[in-house]
Amino acid sequence: MAAGVLLFVAVNLACLAVIGNLVSGERSFSIDYKNNCFRKNGKPFQYISGSIHYSRIPRYYWKDRLVKMYMTGLNAIQVYVPWNFHETVEGVHNFTGDRDLEHFLDLANQTGLLVILRPGPYICAEWEMGGLPAWLLQKPNMLLRSADTDYVQAVSNWFAVLLPKIKPWLYIHGGNIITVQVENEYGSYYACDYNYMRHLRTLLRFFLGENIVLFTTDGNTDKEMACGTLEGLYATIDFGTDTNITEAFKRQRRFEPRGPLVNSEFYTGWLDHWQDQHAVVDAQKVSRVLGEMLTMGANVNMYMFEGGTNFGYWNGADHDTRFRSVVTSYDYDAPLSEAGDPTEKLFAIRDVIKQFRNIPSGPMPPATPKFAYGFVTLKKVGNISGLLNTLSPVGPVKSQYPLTFEEMKQFYGYMLYRTTLPRDLSGPTPLISPLNGVHDRAYVSVNGVFQGLLERDTMLVMNVTGQQGEIVDILVENMGRVNFGSKISDSKGLLSNLILGKDVLTDWKIYPLDIDGAIAGGWPHSNSKKSSPSPQKEPLVGPVFYMGTLEPNGLAWDTFLKLNEWTKGQVWINGMNLGRYWPAKGPQQTLYIPGPLLSTTLPNNITVLELEGAPPHLRVLFMDRPQLNATADKS
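Read on for a plain summary of the structure. Just so it is clear, the model here is predicted, and its values are computed rather than measured. (Residues numbered from 1 in each chain as written. Predicted model: local features only at pLDDT ≥ 70, side-chain atom pairs only at ≥ 80, totals over all residues. Heavy atoms only, no water.)

1. Description of the sheet that holds strand β22 (residues 461–466)
Step number 1: Strand order in the open sheet made by the four strands is β22-β18-β25-β26, with antiparallel pairing throughout. The strands lining the two open edges of the sheet, one partner per strand, are β22 and β26 (503–504).
Step number 2: Of the strand pairs in this sheet, strand β18 (residues 425–432) and β22 are connected by five bridges, and their pairing is antiparallel. Its bridge partner being in β22, Leu431 is matched across the sheet by Met462. (Pairing = 2+ DSSP bridges. Helix = DSSP H or I, 4+ residues; strand = E, 2+ residues; numbered from the N terminus.)

What follows is the structure, given as structure tokens:
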């Protein structure tokens, strides 16, 4: 190890000894293959970067997080662009508000931070479908992340919108983008399609020019590096604290014999799935390994520096032996917490960086203020089956057999499938998903009475009772599409027939549910004065909406919502979808609420969709700190 470190130090010193000659005032960023370093304006340059995802942080807080990163001593940030965040509906592009990428780049530039841009089109990131838009799945035979004609056309159309916005922000044009990644860890994908990578290289060169540094990032194995790299794209590697860094950089050298050493994803923490223990990576370990890499002259990006939150339906999922959904919090045990607060890990990292470059003087900006607003008691609005006129204004589509979310052009959230019992069920009768076709969770009611659930990979059969002709409602939840591996073509809904006893269920009415649209329009609070709430004595089981208000107290500070003894569901505050809760599975117990979302003068509307069963007390609690690490129920 010591010999390896000395070798890299010697190479680094050689790089630092060389100064290029440039025309005065000319901006450039390039790779010096002779001296194994980057060059910025002709001078050797080493970046110390951190990953931050604008799509996981409210726009109001972008500047706060960027300043904290700058004050830690970072000189760059790494940024993913999630395609589906900007083109949720095919051909409709959104770059406003929380999606204003150029404003984010401008704030980073004002703060003094360079940008390593990762425009995909695939990004992984534990984000819904790895950033790919779900409308691609409307062509079921499309091979994603390959030279498939339809896929390449869709990517080309997207890049023709995105990349012209990016070009003015390149460092060489006066902006702050120094390098651009091509695809994302492509070597870990089974297709290994070099023609696809060549097409992306051609697109990026066409729109961004020949002088931008393009690079790839891949995991620390020969197979991943072999499939993920391509001539003309600078090959970088990623690894965490438990890796032999000398061996890892030797692997990068086998694929990129000359040029700077780069760890594009140095893991400061890790993600959580529901039922996991909360991931933790030791701060001293992170700072020690960071110091060793910087001593070698390596360029390092810390993934993540702030994780943020999977608001709404944006969480991804993994599928190895079974489907596993990522939790709402993307805290990642990162140096900045989910709420953007500096941690012990951040200060340990700053102490290391001080040894390698001058860091800005002045104090670290403090944590944003938090407030425990206390308990709020909710009241029942009604069962989802009785609210279809409000939640599905377009009405149902009739189909002999079930249609998927994608076929219905409802890509996220929930849909309701309705049919009738084909015969009397004299006793409990098995309802079966024989082909594991429930993606991802189905909540089954007969005549408005909740009977149980089916779940992808884990619960493929349940018992049902009832009489011929009674209404069967099956609410299906999309829990986030797979974002990594070979199963990213992850269609949602009922993908195959359900069998009740010996009968195939047919003649469906399928209701697309615009829950978010209804709530954004003021429902259910705007209707609460017109109709009395459901009697509290009705059973609080099955998919049911609840509502309440948090009265203003003059403060709009960050807070954390705990749903103690609630089962599983979704929460909205003042029309914003905070994400999913599932406290029984854990580890996450609280949902982050950004302070600017709250009103200081008007009642704050709370809407909860509880899918299985609410507690009799119907209380929720606003706390001044998160709980992300409760012991999970492993059942």
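2. Examining the sheet that holds strand β20 (residues 441–446)
Within a beta sheet, neighbouring strands are joined by backbone hydrogen bonds and run either parallel or antiparallel to one another.
Step number 1: Spatially, six strands are ordered β16-β27-β17-β23-β20-β21 in an open sheet, and the strand pairing comes out antiparallel. Single-partner strands in this sheet number two, and they are β16 (397–399) and β21 (449–455). Across this sheet, the average inter-strand angle for adjacent strands is 25°, counted without regard to direction.
Step number 2: Pairing analysis gives three bridges linking β16 to strand β27 (residues 508–512), with the strands arranged antiparallel. Bridging from a neighbouring strand, Ser399 pairs with Trp508 of β27. (Axes fitted to C-alpha atoms, helices over the stretch in contact; angles between N-to-C directions.)

3. Regarding the nonpolar core
Step number 1: Ranked by size, the top nonpolar core spans 135 residues in total, and within it Ile77, Leu144, Leu513, Ile515 and Phe545 carry the most contacts.
Step number 2: At eight residues, the largest contribution of residues to this core is made by helix α5 (residues 149–166).
Step number 3: When sequence neighbours within four positions are dropped, the list of residues in contact with Ile515 reads Ile384, Leu391, Tyr414, Phe545, Trp572 and Leu609. (Core = buried A, V, L, I, M, F, W, Y, C linked by side-chain atoms within 4.5 Å. Buried < 20%, exposed > 50% of the residue type's maximum accessible area, 1.4 Å probe, protein only. Contact = heavy atoms within 4.5 Å.)

4. Thoughts on the layout of surface pockets
Step number 1: If you add up the space inside the largest pocket, you get close to 970 Å³.
Step number 2: Here the lining of the largest pocket gets three residues from one element, more than from any other, and that element is helix α13 (residues 515–520).
Step number 3: In terms of residue class, the lining of the largest pocket is built from 20 nonpolar, 11 polar and six charged.
Step number 4: The computed volume of the second largest pocket comes to approximately 410 Å³.
Step number 5: Looking at the lining of the second largest pocket, the elements with two or more residues in it are β10 (262–267) and β12 (317–319).
Step number 6: Among the residues forming the lining of the second largest pocket, the class breakdown is 10 nonpolar, six polar and eight charged. (1 Å grid on protein atoms, 1.4 Å probe; cavity = no way out; pocket = protein on both sides within 12 Å on 5 of 7 lines; lining within 4 Å. Points joined across faces, edges and corners; volume = space filled by probe spheres on them. Nonpolar A, V, L, I, M, F, W, Y, C, P; charged D, E, K, R; others polar.)

5. Overview of α5
Step number 1: With 18 residues, α5 should cover 26 Å at 1.5 Å per step; its first-to-last C-alpha distance of 25 Å lies within 8% of that length.
Step number 2: Of all the residues in α5, the buried ones are Tyr151, Val152, Ala154, Val155, Ser156, Trp158, Phe159, Leu162, Leu163 and Ile166.
Step number 3: As for α5, its buried residues are in contact with α3 (83–86), α4 (101–111), β6 (114–118), β7 (177–181) and α6 (194–208).
Step number 4: The residue sitting at the N-terminus of α5 and contributing the capping side-chain oxygen is Asp148; that oxygen lies 3.0 Å from the backbone nitrogen of Asp150. (Expected span 1.5 Å × (residues − 1). Polar contact = N/O pair within 3.5 Å; in protein donor to acceptor, adjacent residues only side chain to side chain.)

6. Some details on the state of the cysteines
Step number 1: Scanning all chains against the criterion turns up one disulfide.
Step number 2: Covalently, Cys192 is tied to Cys227 through a disulfide, its sulfur atoms 2.0 Å apart. Around the S-S axis, the bridge from Cys192 to Cys227 shows a dihedral of about -95° and counts as left-handed. You can see Cys192 sitting in the loop between β7 and α6 and its partner Cys227 sitting in helix α7 (residues 222–228), a full 35 residues away along the chain.
Step number 3: With a relative accessible area of 21%, Cys192 lands in the partly exposed category.
Step number 4: Between Cys124, a cysteine without a disulfide, and Cys227, which holds the nearest cysteine sulfur, the sulfur-to-sulfur distance is 17 Å. (Disulfide = S-S within 2.5 Å.)

7. Considering the packing of aromatic side chains
Step number 1: This model, assessed by the stated rule, comprises 38 aromatic pairs.
Step number 2: With a centroid separation of 6.4 Å and 85° between ring planes, the pair formed by Tyr373 and Phe622 is classed as edge-to-face. With a gap of 249 residues between them, Tyr373 in the loop between α10 (344–353) and β14 (374–377) and Phe622 in strand β34 (residues 619–623) connect regions that are remote in the sequence. Per residue, the accessibility class of Tyr373 equals that of Phe622, and both read buried. (Phe/Tyr/Trp six-rings, centres within 6.5 Å; stacked < 30°, edge-to-face > 60°.)

8. A word on the pairing of β7
Step number 1: By the criterion of burial, β7 is predominantly enclosed, with five of the five residues buried.
Step number 2: Sheet analysis places β6 next to β7, joined by three bridges and oriented parallel. Bridged to Val115 within β7 is Ile177.
Step number 3: For the crossover from β6 across α5 to β7, the handedness is right-handed.
Step number 4: Sheet topology note: the β7/strand β8 (residues 213–219) ladder contains three bridges and is parallel. For Gln181, the partnering residue across the bridge sits in β8 and is Phe215. (Right-handed = clockwise from strand over helix to strand, strands pointing away.)

9. Remarks on the side chain of Thr111
Step number 1: Assignment of secondary structure puts Thr111 in helix α4.
Step number 2: For Thr111, the side chain forms a polar contact with the side chain of Lys63, separated by 3.1 Å.
Step number 3: For Thr111, the side chain forms a polar contact with the main-chain oxygen of Leu107, separated by 2.6 Å.
Step number 4: Filtering out sequence-adjacent residues up to four positions away, Thr111 remains in contact with Lys63, Leu66, Val67 and Tyr70.

10. With respect to empty space enclosed by the protein
The gaps of empty space that remain are located by a probe, the size of a water molecule, rolled over the atoms.
Step number 1: Inspection of the entire model under this criterion finds five cavities of 30 Å³ or more.
Step number 2: Considered as a void within the structure, the largest cavity measures approximately 90 Å³ in volume.
Step number 3: Elements supplying a minimum of two residues to the lining of the largest cavity: β20 and β23 (471–477).
Step number 4: For the lining of the largest cavity, the residue count by class is nine nonpolar, five polar and one charged.

11. A closer look at the packing of helix α9 (residues 283–295) against α10
Step number 1: One way to put it is that α9 packs onto α10 with a least axis distance of 9 Å and a crossing angle of 25°. On the basis of their axis angle, the class for α9 and α10 is roughly parallel. Pair α9 / α10 crosses with right-handed handedness. For the pair α9 and α10, the contacting residues are Ala283, Gln284, Val286, Ser287, Leu290, Gly291 and Leu294 in the first and Glu344, Lys345, Ala348, Ile349, Val352 and Ile353 in the second.
Step number 2: Taken together, the residues that form the contact of α9 with α10 break down as eight nonpolar, three polar and two charged. (Parallel < 35°, antiparallel > 145°, perpendicular 65-115°, else oblique. Left-handed = near helix turned anticlockwise from the far one by under 90°.)

12. Considerations on the pattern of salt bridges
Step number 1: Counted under the stated rule, the structure contains 32 salt bridges.
Step number 2: Two residues, Asp242 and Lys285, come together in a salt bridge whose shortest N-O distance is 2.8 Å. With Asp242 in the loop between β9 (234–239) and α8 (245–255) and Lys285 in helix α9, this residue pair connects regions lying 43 residues apart in the sequence.
Step number 3: In this structure Asp242 comes out as exposed when scored by relative accessible area, which is 65%.
Step number 4: Here Glu477 makes a salt bridge to Arg580, at a shortest N to O gap of 3.1 Å. Remark: Arg580 occurs in strand β31 (residues 576–581) and Glu477 occurs in strand β23; sequence separation between them is 103 residues. In this structure, Glu477 and Arg580 share a single accessibility class: buried.
Step number 5: The network of salt bridges with common partners includes Asp64, Arg65, Lys68 and Glu306. (Salt bridge = Lys/Arg side-chain N within 4 Å of Asp/Glu carboxyl O.)

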